[in-house]
Amino acid sequence: MKTKILVTGGLGYIGSHVVVELQSQGFEVIIIDDLSNSSENVLDGIYSISKIKPLFEKIDLKDRKSVVKFFKNHSDVKGVIHFAASKSVEESTINPLKYYKNNVNPLIYLLHEIGKLSVQKLIFSSSCTVYGQADILPIKENSTLKEPESPYGFTKKIGEKIIKDLCAVNNTLNSVSLRYFNPIGAHKSANIGELTIGTPQNLVPFVIQTGIGIHEKISIFGKDYSTPDGTCIRDYIHVVDLAKAHVIALKRLLEENNIENYEVYNIGTGKGYSVMEIISAFEEISGIKLNYSIKERRKGDIMSAYADTKKANLILNWKPELTLKDALSSAWKWEKKQLKLK
Ligand code: WQD
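Cut-offs applied
- Residues numbered from 1 in each chain as written.
- Predicted model: local features only at pLDDT ≥ 70, side-chain atom pairs only at ≥ 80, totals over all residues.
- Heavy atoms only, no water.
- Helix = DSSP H or I, 4+ residues; strand = E, 2+ residues; numbered from the N terminus.
- Buried < 20%, exposed > 50% of the residue type's maximum accessible area, 1.4 Å probe, protein only.
- Pairing = 2+ DSSP bridges.
- Axes fitted to C-alpha atoms, helices over the stretch in contact; angles between N-to-C directions.
- Contact = heavy atoms within 4.5 Å.
- Near = heavy atom within 4 Å.
- Polar contact = N/O pair within 3.5 Å; in protein donor to acceptor, adjacent residues only side chain to side chain.
- Areas by Shrake-Rupley, 256 points an atom, 1.4 Å probe, with all protein chains shown as cover.
- Nonpolar A, V, L, I, M, F, W, Y, C, P; charged D, E, K, R; others polar.
- Core = buried A, V, L, I, M, F, W, Y, C linked by side-chain atoms within 4.5 Å.
- Salt bridge = Lys/Arg side-chain N within 4 Å of Asp/Glu carboxyl O.
- Phe/Tyr/Trp six-rings, centres within 6.5 Å; stacked < 30°, edge-to-face > 60°.
- Lys NZ or Arg CZ within 6 Å of the ring centre and 35° of its normal.
- Parallel < 35°, antiparallel > 145°, perpendicular 65-115°, else oblique.
- Left-handed = near helix turned anticlockwise from the far one by under 90°.

S.K.: What am I meant to see in unusual backbone geometry here?
M.R.: With the exception of glycine, most residues fall at negative phi, and the peptide bonds are largely trans. A cis amide bond links Leu-137 to the next residue, Pro-138, at an omega of -5°. Counting through the fold element by element, Pro-138 comes out in the loop between β5 (120-127) and α7 (151-169). We note that Ala-190 has phi near 60°; this positive angle belongs to a residue other than glycine. Looking at where Ala-190 falls in the secondary structure, it is placed in the loop between β7 (182-184) and α8 (203-212). Its relative accessible area of 2% is what places Ala-190 among the buried residues. The backbone of Asn-317 sits at a positive phi, close to 55°, despite the residue not being glycine. Within the secondary structure layout, Asn-317 lies in the loop between α11 (310-316) and α12 (324-341).

S.K.: Quick question: what am I supposed to make of the sheet that holds strand β6 (residues 173-180) here?
M.R.: One key point about sheets: their strands pair by backbone hydrogen bonds, in either a parallel or an antiparallel sense. The 7 strands are arranged β3-β2-β1-β4-β5-β6-β11 in an open sheet whose pairing can be described as parallel. Pairing within the sheet leaves two strands with one partner each, and these edge strands are β3 (55-58) and β11 (262-267). Taking the axes of each pair of neighbouring strands and ignoring which way they run, one obtains an average angle of 20° across the sheet. Packed onto the sheet, α7 meets β5, β6 and β11 and runs at close to 155° relative to β5. Running at roughly 160° to β6, helix α9 (residues 239-254) makes contact with β1 (4-8), β4 (77-82), β5, β6 and β11 of the sheet.

S.K.: Looking at this structure, I do not really get the site of the ligand. What am I missing?
M.R.: Close contacts around the ligand come from 18 residues, with Tyr-152, Leu-203, Ser-219, Arg-234 and Asp-301 the closest. With respect to the ligand, the backbone of Lys-87 contributes an N or O atom lying 3.3 Å from an oxygen atom. Here an oxygen atom of the ligand sits 2.6 Å away from a polar atom, N or O, in the side chain of Asp-301. Expressed as a share of its isolated accessible area of 690 Å², the protein-covered part of the ligand is 92%. Looking at which element gives the most residues to the shell around the ligand, the answer is strand β8 (residues 218-221), with 3 residues. Partitioning the shell around the ligand into residue classes produces 9 nonpolar, 5 polar and 4 charged.

S.K.: Quick question: what am I supposed to make of the nonpolar core here?
M.R.: Soluble globular proteins tend to pack their nonpolar side chains together in the buried interior. Residues Leu-22 and Ile-267 are the most contacted members of the largest nonpolar core, which totals 38 residues. Residue assignment for this core shows that the elements contributing at least two residues are β1, α1 (13-24), β2 (28-33), α2 (42-50), β6, α9, β11 and α11. With 9 residues, α9 is the single largest residue contributor to this core. Residues Ile-32, Phe-71, Ile-114 and Phe-124 belong to the second largest nonpolar core, which totals 23 residues.

S.K.: What is the right way to look at the pattern of salt bridges in this model?
M.R.: Close approach of charged atoms allows side chains with opposite charge to pair. Tallying each qualifying case throughout the model produces 19 salt bridges. Note that Lys-53 and Asp-44 form a salt bridge whose closest N and O atoms lie 3.3 Å from each other. Of the charged contacts in the structure, one is a salt bridge between Arg-298 and Asp-301, with a shortest N-O distance of 3.0 Å. Assessed through its relative accessible area of 23%, Arg-298 is described here as partly exposed. Each member of the salt-bridge network shares a partner with another, and the members are Lys-140, Asp-308 and Lys-310.

S.K.: Even after reading the chapter, I still don't get the packing of aromatic side chains, so can you show me in this structure?
M.R.: Under the defined criterion, the tally for this structure stands at 2 aromatic pairs. Both rings, one in Phe-70 and one in Phe-71, keep their centres 5.3 Å apart while their planes meet at 80°; by these two values the pair is edge-to-face. Side by side, Phe-70 and Phe-71 carry an identical accessibility label, which is buried. Directly above the ring of Tyr-273 sits Lys-271, whose terminal nitrogen or CZ lies 4.6 Å from the centroid. Above the face of the Tyr-225 ring, Arg-297 is positioned so that its terminal group lies 3.9 Å from the ring centre.

S.K.: I keep staring at the packing of helix α5 (residues 96-103) against α7 and nothing clicks. Help me out?
M.R.: Each pair of packed helices can be described by the angle between their axes along with the distance between the axes. Viewed as axis vectors pointing N to C, α5 and α7 meet at an angle of 25°, and their least axial separation amounts to 9 Å. Comparing their axes, α7 and α5 come out roughly parallel. Considering the relative orientation of α5 and α7, their crossing is right-handed. Judged by residue contacts, Pro-96, Tyr-99, Tyr-100 and Asn-103 of α5 engage Pro-151, Tyr-152, Phe-154, Thr-155 and Ile-158 from α7.

Below you can see the structure in the form of structure tokens.
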């Protein structure tokens, strides 16, 4: 009998890569997704890789009745990986209420139903944005959580706090928050990847789309930061390495190897790259010269963030195996395939 895992937002970018990883390790997966930022076609992409079609239910987690009904029908769920949330830093500064409604209430409804299960294991999709601009780099898990720079970052910080407080009063609930740095890249098959609806907010998908000719040039949001080349630095983690970290963390809880019933891990590479370095790396793997222009700094941006990954390396025995070039090449292959499909 396969262990059944619920993946909310499982048709999204990171979610779909985790689903494929879970299936490859013998788990039965059921996906909840409201399709607000994804497509049901992703199920075909997942199937083409794993040859197993996951169960899927189109549910809006803001609809509490649907959440209750789902868990009544699936009380055999042994673990939950919660991705479903809005994720644009910039959009959250324009429409904060959407972010509090989408990212906080559904977590509360989920936790309420998980609390009725015989096995209560939760992996929470958190973010390095909870650190704000850290004073000391690389960033450790016990770094001071400064004021997040956006409502999006606040919803991740609140989410962690809600789970931590619940774990403190309910030791049946065991949870891990994974604080991602910057996820990029796609599965090597190019059958799943980052589906950007509209103009990409994030750097790497925009760079890739500029390389393919969708955009004429890249706007670099600020070249006057006190970094070596004046542009912001981030820790870009291959989405497949990130997906593997989720399955490792889940198995840690299922096998009851966790020391605390609430744990937090940074998931990054430990190396920072500037915007200019990302552009150069893409030019190198693609042989395409990119045009760019320097614009004003973007509201909500921090200057530099990259992870201290020792905790995940030592305790989870997880290390990233793929390089920046692997990530950019896989993203490039995915984008070219998307263009052919249009
Ligand atoms: C990176 C750098 C921009 C676009 C993201 C996600 C967030 C979180 C962390 C998971 C910044 C610059 C960007 C462009 C640019 N992930 N840039 N021109 O802001 O670090 O946040 O990762 O939780 O959800 O949004 O990533 O790719 O948007 O920006 O110059 O067209 O690239 O200013 O310095 P960010 P990003």
